Each structure stands twice: as C-alpha cells, then as structure tokens.
Amino acid sequence: MADHHPTAGEEEYLETLYWLHEVELPLTAANVARAMLLSAPTVHEMVRRLEADGLITRDARKRIAFTDHGLQVAESVVSRHRLVERFLTDVLGIPWHEVHEEAERMEHAMSPAIAQGMREAIGDATTCPHGHPIEVGKRLPGAPLADVELQAKVKVLRFENEAESVLHYLYGTGITPGMEGVVVERDDEHVVVESAGGVRHSLTHSAAETVSVSADPSPPLRVGLPPEVVLEQVAFGR
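Everything numeric in this text was worked out from a predicted model, so none of it was measured.

Draft legend 1. Fine view of the sheet that holds strand 8 (residues 211-216). Within the open sheet, the six strands sit side by side as 3-8-4-5-6-7. Their pairing is antiparallel. A single partner strand is all that each edge strand has here, and the edge strands are strand 3 (143-144) and strand 7 (200-204). With three bridges joining them, strand 4 (residues 153-159) and strand 5 (residues 180-186) adopt antiparallel strand pairing. Bridge pairing links K153 to V182 in strand 5. Sitting on the sheet, helix 7 (residues 164-173) touches strand 4, strand 7 and strand 8, and the angle it makes with strand 7 is about 150°.

Set out below in structure tokens:
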C-alpha cells in the first residue's frame, strides 16, 4: 500500500496512540477510549479505519502496533502539536489551559517553514506548556500525584490528560508544570499541595492521578489513566 496521507481525525488518534506508546501502556482500543474519554464503539470504528489505511496493525488479540509509516506520522504530529502549544503560550501570550484545542486545529496544516519559525521563536524551551517533551523520546519518568504520601516533596512534571475541561480545572487550582511543593493533605477525595509562600493547591483525587510528578520519597513510577476525571462535583468522562 502506498503511504496514506491521514485525515485530521486520524492524526488525533495517532497522537493518543503515540502517547500510550511513549508511556509504555498497552496500545489497545480500550486504553485509547480511556485516554480520549470516548465511547468504545466510536474508538473501534476509527481503529478499523487506521488499520485499513495502513497506519497501524492489529494482532489476533487486537493489540495495536504502528506501521513504519504510522509511527512516522505520529511522531511528527505529536512534535508539531507540542511546538504549537509552546509558541501560542510563550510568544502569543495565550494561557496554557486554552492552547490545546487551538493547537489541534493548527497542527494539521503547518509547513516546515512555519514549524522552523516557531522553533526559533520559542528559544530553548524543550516541553509544551503542559510539560510534555517537544522532541519525542525525551520524556522524564514520573508518578501520579495521587500516589504520593503525606509530607513528600514533589515537582510537577506534566499533565497527562490534556482534555480542555481537565486543563481548565487544573489551571484554576494554580498548579503548573515545574512547580515544587509538599503534599500536606490527601484522602480518597482530594490531594493538597503546598507550594512556595504557603499557597495551597487542592485537587480532586482523580484529577491528581493525571498529574505526573517527581517525588521524594517516590511511589512506584506509573502513568495515571482513570476512565473518568471527577472535577469537584462534575465527572468528566464517558
């Protein structure tokens, strides 16, 4: 099959599959549905399309793998997406909780010249404003904030779920990638981090599961992927 030029919708799924690959989670339709907070039938339909278009393969157990072409496309679109987010935040001054959806619209039609101009404009920045590496393969390991024990010191690495509602919620808590603090409260419903100056940042437990941190002492390293994220009284998910 000749290399297929993916649609914008296919590229969005390839982005999610690459994130699963990047964090070493199984590439399954179920995990794609959890990561994108979509229904299983919707995901299965697109997975079949990606397979028919030569971007992925599936084995007898329905486990997904990239084709060479699919992996090349996925790496390119992921890097472009994160580059656009950083450009929109650092150069145009758009708040980081508002750039993800805009980047998804822009990433599909960027010329190499525009991408190069953006790279020059962002200087030495190496991550998107949500903490993900612009150059794929440069990801630092972390653990969910929800797993960290009381009085542990933490540094926020990134936000794993970049859905608009989740990012708006995290922005409202005042927590940001790169922020350092101490876990001062935690239970089944909330986690509270105290940062410099005694500022407290309270997150729901499931939202804290989507925040990757380095911690001392550190819990086992893993990526949180809850089927839904509860934002106070509102469940964001299927």
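Draft legend 2. Expanded view of helix 7. Within the sequence span of helix 7, burial applies to V166, L167, Y169, L170 and T173. Projected onto a plane normal to the axis of helix 7, the buried residues spread over an arc of 160° and lie on a single side. Positive phi appears at G174, one or two residues downstream of helix 7, with a value of about 85°.

Draft legend 3. Structural view of helix 1 (residues 8-22). Taking 1.5 Å as the rise per residue, helix 1 with 15 residues should run 21 Å; its terminal C-alpha atoms sit 21 Å apart, in good agreement. Across the 15 residues of helix 1, eleven count as buried, placing the element largely inside the fold. Looking only at helix 1, the buried set comprises E10, E11, Y13, L14, E15, T16, L17, Y18, W19, L20 and E22. Buried-residue contacts for helix 1 involve helix 2 (29-36), helix 3 (40-52), strand 1 (56-58), strand 2 (64-66) and helix 4 (68-90). Immediately beyond the C-terminal end of helix 1, within one or two residues, lies E24, with a positive phi of roughly 60°.

Cut-offs and rules
- Residues numbered from 1 in each chain as written.
- Predicted model: local features only at pLDDT ≥ 70, side-chain atom pairs only at ≥ 80, totals over all residues.
- Heavy atoms only, no water.
- Pairing = 2+ DSSP bridges.
- Helix = DSSP H or I, 4+ residues; strand = E, 2+ residues; numbered from the N terminus.
- Contact = heavy atoms within 4.5 Å.
- Axes fitted to C-alpha atoms, helices over the stretch in contact; angles between N-to-C directions.
- Buried < 20%, exposed > 50% of the residue type's maximum accessible area, 1.4 Å probe, protein only.
- Arc of directions from axis to C-beta.
- Expected span 1.5 Å × (residues − 1).

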